Amino acid sequence: MTRILVVEGHAPTRELLEGRLAGEGHRVAGAADADAAWEAFAAGWPDAVVLAADLPADGARALADRLRDANPRLVLVVVDKAHMGRAVGLPAVLPLRANAYVADATSRDLPERLRQLLAQAAPRRAGGPEAATGVARVLSRPPAEPGAVRPGEVAAALLRLWRGRADGVLEVADRDGARRLFLLRGAPVALDSEVRAESLGRWLLAAGHVSEARYRAALDVLAAGELSEGAALVAVGAVAPGEPLRAAVRAHHCAMVSRLVGMREGRWRFRPGADFAGEVAAVEAPALGPVLEGARASLPARHFAQALKPWLGAYPARTPEFPRLVPAMALGTADLRLALDLGGSVTTRALLEARRSGLRDALSLLWFLERIGAVSFHAGPLETDDAARYGGAPAPAPPRRKALPEDRAEALRAAALEILPGSYFRALGVGIDAGIDEIERAYHEVATRFHPEAFAEFDVGPLEDLLAQVQEKVGAAYRVLSNDEKRRAYLAFLLSRHAAETGRRRPEPVPEAEVAVKRGERALRERRVAEAVAQFEEAARLGPREPEYLALLAFAVLHDVRVPEAERPRRAARLARRALAMDPGCVRAQVFLALAEVAEGETGEARRRLLDALRAAPASAVARRALSLLNKATADG
């Protein structure tokens, strides 16, 4: 399928051209001006560009030159506005070096001229993105499931495809453009969108993780046709290679799948086939979690309530598939707690009535679990948890064991729910600076505490699945954290995800620097100031653009007895001011500079600085404590 970019500032004419060319079987994107056109060209690498003759002369000439420089074999057709009596004429557009000129944009001449020129055009240069034959083969097949997009329709389709382990491409299109979601065994593995605002670069730019200048530089690299968008962002230094890039791609993929689920209008169709598998870069991300998030963000509670209405009097219980589906669901703590309570002992109605404060989340979770086969509904209560495993038919009765005391069961459940949704470091209860010996001790302690043998005398009932999940989580944590290379990659992923979640503009985190900071903080708590100074200096060396490292170093220097007492405040103040030069909003740097000013007797300036810090960050505990200590010292003096 050929790709055509229409660059036309007059919206009605652009829409007419887009519709007509799409009807001819082309994949069409539109742009209203030269800047948007360059962005769309860089992202989509079209086979041909249709350029309006009446674009501003300087912008049109510059755009045409950039397009020719990027792809000398690009088909460029200039269209005029004879249909509106506003044609600028052929002589005016000769500097654009177009392959053809069509005086009337609305005439049938344009599709015919494009057909001829594209047939004559030489194949794209070897470095440019070629037409994906495998993808094209799937897209050429008739759709197996076409339909209109209505609220909840995309979510329902995705969950049906998941349960059917379908391979293929789900296309969803609205007035903004088309999206193609690639599925392998029912799991979304990649998404391609014609909507420029949904690209990886645009998404990172909107989230504040990439500057406008870096984004524009990435577009120029992308336009050369040699690199993917992710690689182009790495090439200009917008994203670090390796795990940080993979983390950004994962987060973007999940966000776009959730956005797709939330669409409320348009058309969708599913084309079966896995021919694209060798041509599409699969993203390793939870297959089902984004569907639940997208449904929750876009659908009202009544949608889920209506779907569950037939089962209000039934008894929901986890199915044998539930443990296998846990990684794909990526449930949070509250959702996982509710799911583990589904043992077939209470009705759906009673369960929902007990959760009125979180009714919408409970409704959506039950709807979701039923759709993916993680929960089934039974006509009567199930006597044992084994009954849920065997579809309601009790298993042969094992030797009776005494019940696990309720207080111990609740403590076990609470501890497990602290481990499962958290990081690997949290699972083992260690910091990011933990050594291998500490990791091994922590692993053996946690694994032993949750091992089934520790509860051999008890009937743990519904906690059996929970214990198995904890064992799996701590085992995975040990395998990653005990390997230096895997541990560094995992820590880089956590730091990048934290930066994405907080929305803070900051340099790309350096795992080794963050480890040095943790070691320095531990040394400070244990009054080993010289070691803390050395660790913070190492962090500042590894991450020279991170103001927090300099701020912490300033605080440590202020208490370093190796430095002459009169010199400490001056040295600390210099470090804090360097941090503030990088980020004037760095609260720690403001507070530690104020402490240095107090040490030099400038209490008035220090108080003003602390008050400014609190106005900027009212929740800052370190600023509040520093101001409290300053006020107390002033009152005592």
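One structure accompanies this document, and this report is about it. All residue numbers refer to positions counted from 1 along the written sequence of the respective chain. Confidence filtering applies because this is a predicted model: local features only for residues at pLDDT of at least 70, side-chain atom pairs given and counted only at 80 or more, and all residues used for totals across whole chains, interfaces and linings. To get the side-chain values, take all heavy atoms of the structure and skip hydrogens and water.

### Topic: the overall build of the chain
Then, number 1: The helix count covers DSSP runs of H or I at least four residues long, the strand count covers runs of E at least two residues long, and both are numbered beginning at the N terminus. In terms of regular secondary structure, the chain is built from 30 helices and 14 strands.
Then, number 2: Its C-alpha atoms give the chain principal-axis dimensions of roughly 85 × 80 × 40 Å.
Then, number 3: Within the chain, the fraction of its 637 residues that count as buried is 48%.
Then, number 4: Here a residue-residue contact requires only that any non-hydrogen atoms of the pair lie within 4.5 Å. Within the chain, counting contacts between residues at least 6 apart in sequence, those at least 24 apart form 70% of the total.
Then, number 5: Areas reported as accessible are Shrake-Rupley estimates using a 1.4 Å probe. Residue values count occlusion only from the protein chains shown. Entry remark: accessible area of the chain is about 30,300 Å², with carbon and sulfur atoms responsible for 53%.
Then, number 6: Working convention for charge: Lys and Arg count positive, Asp and Glu count negative, and His plus the chain ends are omitted. Charge positions come from single atoms, namely NZ of Lys, CZ of Arg, CG of Asp or CD of Glu. The chain carries 89 positive and 83 negative side-chain charges, and their two centres are separated by 1 Å. Each residue gets one of three labels from its accessible area relative to the maximum for its type: buried under 20%, exposed over 50%, partly exposed in between, using a 1.4 Å probe on protein chains only.

### Section: the nonpolar core
Then, number 1: The nonpolar core is taken to be a set of buried Ala, Val, Leu, Ile, Met, Phe, Trp, Tyr and Cys residues, with the residues joined through side-chain atoms within 4.5 Å. By size, the foremost hydrophobic cluster in this structure holds 90 residues, and its most contacted members are Leu 170, Leu 288, Met 329, Phe 368, Leu 369 and Ile 372.
Then, number 2: What Leu 288 contacts, discounting residues up to four positions off in sequence, is Leu 159, Trp 162, Ala 328, Met 329, Phe 368 and Ile 372.
Then, number 3: If you look at the next biggest cluster of nonpolar residues, it comprises 43 residues, including Trp 38, Val 78, Leu 200 and Val 239.

### Observations regarding the pattern of salt bridges
Then, number 1: Counted as salt bridges are all cases of a side-chain nitrogen of Lys or Arg within 4 Å of a carboxyl oxygen of Asp or Glu. One pass over the full model with this rule turns up 48 salt bridges.
Then, number 2: Its salt-bridge partner being Glu 171, residue Arg 271 comes within 2.6 Å of it at the nearest N-O pair. Here Arg 271 is found in strand 10 (residues 267–272), whereas its partner Glu 171 is found in strand 7 (residues 168–174), with 100 residues between them in sequence.
Then, number 3: By relative accessible area, which is 8% here, Arg 271 ends up buried.
Then, number 4: Of the charged contacts, one joins Glu 538 and Arg 541 as a salt bridge, the two residues approaching to 2.7 Å between their closest N and O atoms. Taken together, the positions of Glu 538 and Arg 541, both in helix 25 (residues 529–542) and 3 residues apart, correspond to about one turn of that helix.

### Concerning the packing of helix 2 (residues 34–44) against helix 9 (residues 212–223)
Then, number 1: Fitted lines through C-alpha atoms serve as axes, helices being fitted only where they are in contact, and the angles separating the N-to-C directions of these axes extend from 0 to 180 degrees. Running from amino to carboxyl end, helix 2 crosses helix 9 at an angle of 55°, the nearest separation of the two axes being 8 Å. What the angle tells us is that helix 2 and helix 9 run oblique. For the pair helix 2 and helix 9, the sense of crossing is left-handed. Two secondary-structure elements touch here, helix 2 through Asp 35, Trp 38, Glu 39, Phe 41, Ala 42 and Ala 43 and helix 9 through Tyr 215, Arg 216, Leu 219, Asp 220, Leu 222 and Ala 223.
Then, number 2: Under the scheme applied here, ten amino acids are nonpolar (Ala, Val, Leu, Ile, Met, Phe, Trp, Tyr, Cys and Pro), four are charged (Asp, Glu, Lys and Arg), and all others, including Gly, are polar. The residue makeup of the contact of helix 2 with helix 9, split by class, is 8 nonpolar, no polar and 4 charged. Note that the term roughly parallel is reserved for angles under 35 degrees, roughly antiparallel for angles over 145, roughly perpendicular for angles of 65 to 115, and oblique for everything else. A crossing counts as left-handed when the near helix is turned anticlockwise from the far one by less than a right angle, and as right-handed when that turn is clockwise.

### Here we look at helix 29 (residues 603–616)
Then, number 1: Between the first and last residue of a helix there are one fewer steps than residues, each counted as 1.5 Å, and that sum is the expected span. Here helix 29 contains 14 residues, and its C-alpha end-to-end distance of 20 Å stays within 8% of the 20 Å for a straight helix at 1.5 Å per residue.
Then, number 2: Along helix 29, the residues that are buried comprise Ala 606, Arg 609, Leu 610, Ala 613 and Leu 614. With its buried residues spanning 135° around the axis, helix 29 presents them on a single face. Exposed residues on helix 29 whose side chains face more than 90 degrees from its buried face are Arg 615 and Ala 616. Relevant arc is that of directions from the helix axis to the C-beta atoms, nothing else.

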